[in-house]
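Structure at a glance
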Amino acid sequence: MNKIKVWDPLVRIIHWSLALAVLGNFLNEEGDLLHRWEGYAALALVLTRIIWGFVGSRHARFSDWFPTPGRLFPYLRDLLRGQTRRHLGHNPAGAVMMLFLLVMVMGLGVSGYLMGTDAFFGEEWLEEIHEAIAYILLTGVGVHVLAAMIESWRHKENLPAAMIHGYKRPLDQHENDHIMDSH
């Protein structure tokens, strides 16, 4: 079967490293030194991904997948009709989820950092916000994993494996025509 490279090594490293950092911090939630450094690492990964979204490979770039209304609403309409097409990069709903997860990790990083400053140390309201963001993030991760499994089944393509090795099968001509019409 023909395969084409979609996800470059940096995208894949960031994806799985971020997943490990989030999981590690959830399991080690006491706020000790390891928790803080995992949080800082996660924040650095998100910032690197944002930079890579402007200068990276084709499917890493925001311009390839950013969920504009012109991309998102037709996709959601087709999704409700059961007629969505396969995308090489992020589909518009996946793009919304990706941006949501990145924002949640940034919110955790900033709130976690602030909790260690003199101005906010011991502030219960900030700890509650940090915890709420963490649980919202975990819910988003669950939705992300479920959606990847559903889309893998619907399009007969193992999306988690593609995020490991970077390859997907090419779009067929019908899929290409649909994608070109949506840009």
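A few words now on the pattern of salt bridges. Enumeration according to the criterion identifies six salt bridges in this entry. For R154, the salt bridge identified is with E151, shortest N-O distance 2.8 Å. Of this pair, R154 and E151 both sit in helix α6 (residues 124-155), separated by three residues, roughly a single helical turn. We classify E151 as buried; its relative accessible area is 11%. The salt bridge involving R169 is made with E157; its shortest N-O contact spans 3.8 Å.

All right, on to unusual backbone geometry then. Unlike most non-glycine residues, K156 shows phi in positive territory, near 50°. By the secondary structure assignment, K156 is in the loop between α6 and α7 (159-165). Residue class for K156 comes out exposed when judged on its relative accessible area of 69%.

Residues of the chain with pLDDT of at least 70 account for 93%, and the chain-wide mean is 91. Confidence over residues 177-183 falls short of pLDDT 50; this stretch has nine contacts with residues more than four positions distant or in other chains.

As a further point, take the packing of aromatic side chains. Tallying each qualifying case throughout the model produces five aromatic pairs. Residues W37 and Y40 carry aromatic rings whose centres are separated by 5.3 Å and whose planes lie at 85° to one another, so their mutual orientation is edge-to-face. Here the residue W37 and the residue Y40 both occupy positions in helix α2 (residues 33-55), the gap between them amounting to three residues, near one helical turn. Judged by its relative accessible area of 54%, W37 falls in the exposed class. Ring geometry for F54 and F62: centres 5.0 Å apart, planes at 75°, overall edge-to-face.

About the thresholds
- Per chain, residue numbering runs from 1 following the sequence as it is written.
- Per-residue local features are limited, in this predicted model, to residues with pLDDT of at least 70; the limit for side-chain atom pairs, both in listing and counting, is 80 or more; totals at the level of whole chains, interfaces and linings are taken over all residues.
- As a rule here, side-chain values come from all non-hydrogen atoms in the structure, and water together with hydrogens is ignored.
- Here, a salt bridge means any Lys or Arg side-chain nitrogen found within 4 Å of an Asp or Glu carboxyl oxygen.
- Here a strand is any run of E in DSSP of at least two residues, a helix any run of H or I of at least four, and the numbering for each starts at the N terminus.
- The rule is simple: take the accessible area with a 1.4 Å probe, protein chains only, and divide by the maximum for that residue type; under 20% is buried, over 50% is exposed, in between is partly exposed.
- Residue-level confidence of the predictor, termed pLDDT, takes values from 0 up to 100.
- Pairs of residues are marked as contacts when any of their non-hydrogen atoms sit within 4.5 Å.
- Classification of ring pairs uses Phe, Tyr and Trp, with its six-membered ring standing for Trp, and accepts pairs whose centres are within 6.5 Å; under 30 degrees between planes counts as stacked, over 60 as edge-to-face, and the remaining range as tilted.

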